[in-house]
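# Architecture and fold: a report
Each chain, letter by letter, is given below.
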Amino acid sequence: MRVIVLFIDGIGLGDNNSKTNPFIRFGFPVFEELFACSLQQDITPLLMPTKCIIPIDATLGIPGLPQSATGQAAILTGLNAAQIMGRHIQAFPGPELAKLITENNVMKKLVDDGLTVTSANMYSPNYFELVAKRKRRHSAITLAALSTGMSLRSLPEIESGQAIYQDITNEMLPTFGIDTIPVIEPKEAASKLVNISRKYSFTIFEYFQTDRAGHKQNWAYARQIIKILNEFIETIYQTLPADTLLLITSDHGNFEDLSVKTHTRNKVPLIALGVKAQTTISNITDLTGITPAIVEVLRKDESI
Ligand SMILES: [Zn+2]
């Protein structure tokens, strides 16, 4: 059995209001067809054997607005990172949180069990140079990937269809000085992700333009993002191998309420599609439940 995690930064379940919530104004056809409801806070949790959607808590019992570093750490480690750190920590983990992620994350746990894992994201060729110059910092997901000893995917991988850029379509690559990679349709990126996932027990892909659009309150960009994500997710679902479970989740709300620039305390969706969807996620109530569920389902599978 295999697991693909599609991590989408900053998407919560907001009001059923087209004035504030782009998921209501523009719709999200793939989810509406699968679950017969729009992506908003009044959804009825749906738990079927191979398709599930449940709202889960992202506030982790800590006051204030949930943030990416601690939220992603909770998803990746199964530990309540916000509680351990005493607050929600923004954007990129500092040394203490980085240590917690490096030592406890789902990718490392799976590798320690003899399973194979990967991050499908493409990193720019000068990524480590930028980190060394302190112009970039590792995200929680990058820290988890690096803790396994894997090499991050870069130009040679995206050139051979073995990596996906963070914007899915490569449109942003020229902004970062890379103009040799053609722009692709989201469905092509989806096929590449599914192909990558066939070689590993666990594959993660990180998308964060949703959080950016939310902070900018940019409706035009929000519309474009939903279109990209809809086609990307629909194709992954349609071509998902029979042995693969697709999990889609987020670290905190933001994008679902464009009336504010900030994150929200809304619940976030946890969506599971494919093999063992229901048995894997049915007991999860917050971000910390995801890693233990993935480790358990993959471990059980290996023991058969
Ligand atoms: Zn943010």
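Residues numbered from 1 in each chain as written. Predicted model: local features only at pLDDT ≥ 70, side-chain atom pairs only at ≥ 80, totals over all residues.

## Let's talk about the nonpolar core
Which entries qualify depends on this criterion: Note on terminology: a nonpolar core is a set of buried residues of type Ala, Val, Leu, Ile, Met, Phe, Trp, Tyr or Cys, with members joined through C-beta atoms within 7 Å. Put simply, a residue is buried when 20 or more other C-beta atoms lie within 10 Å of its own C-beta and exposed when 12 or fewer do; between those, it is partly exposed, and each C-beta is set from the backbone. Strands are runs of DSSP state E lasting at least 2 residues, helices are runs of H or I lasting at least 4, and numbering of each runs from the N terminus. What counts as a contact is two residues whose backbone-derived C-beta atoms lie within 7 Å of each other.
Ranked by internal contacts, the top residues of the largest apolar core, which has 88 residues, are A73, A144, I164, L193, L246 and A272. Sort the elements by how many residues they give to this core and helix α12 (residues 219-238) lands first, with seven residues. Setting aside residues no more than four positions away along its own chain, L246 makes contact with I4, L6, I236, Y237, L240, L273 and G274.

## A closer look at helix α5 (residues 95-104)
The condition that has to hold: Each direction from the helix axis to a C-beta atom contributes to the arc, which is the arc of those directions.
All of the buried residues along α5 are L97, L100 and I101. Within α5, the buried residues cover an arc of 95° as seen down the axis, which keeps them to one side. Residues P95, E96, K99 and E103 are exposed on α5 and point more than 90 degrees away from its buried face. Residues of α5 that are buried make contact with α3 (68-77), α4 (81-85) and α8 (140-147).

## Some remarks on the pairing of strand β7 (residues 268-274)
Put simply, the test is: Following DSSP output, two strands are said to pair if at least two bridges run between them.
Of all seven residues in β7, seven are buried, a share of seventy percent or more. Across six bridges, the pairing between strand β3 (residues 51-56) and β7 is antiparallel. Among the inter-strand pairings, K51 is bridged to a residue of β7, identified as L273. Sheet topology note: the strand β6 (residues 244-249)/β7 ladder contains four bridges and is antiparallel. Residue pairing in the sheet places L245 in a bridge with G274 of β7.

It is worth stressing that arrangement in space is one thing and function is another; only the former is reported here.
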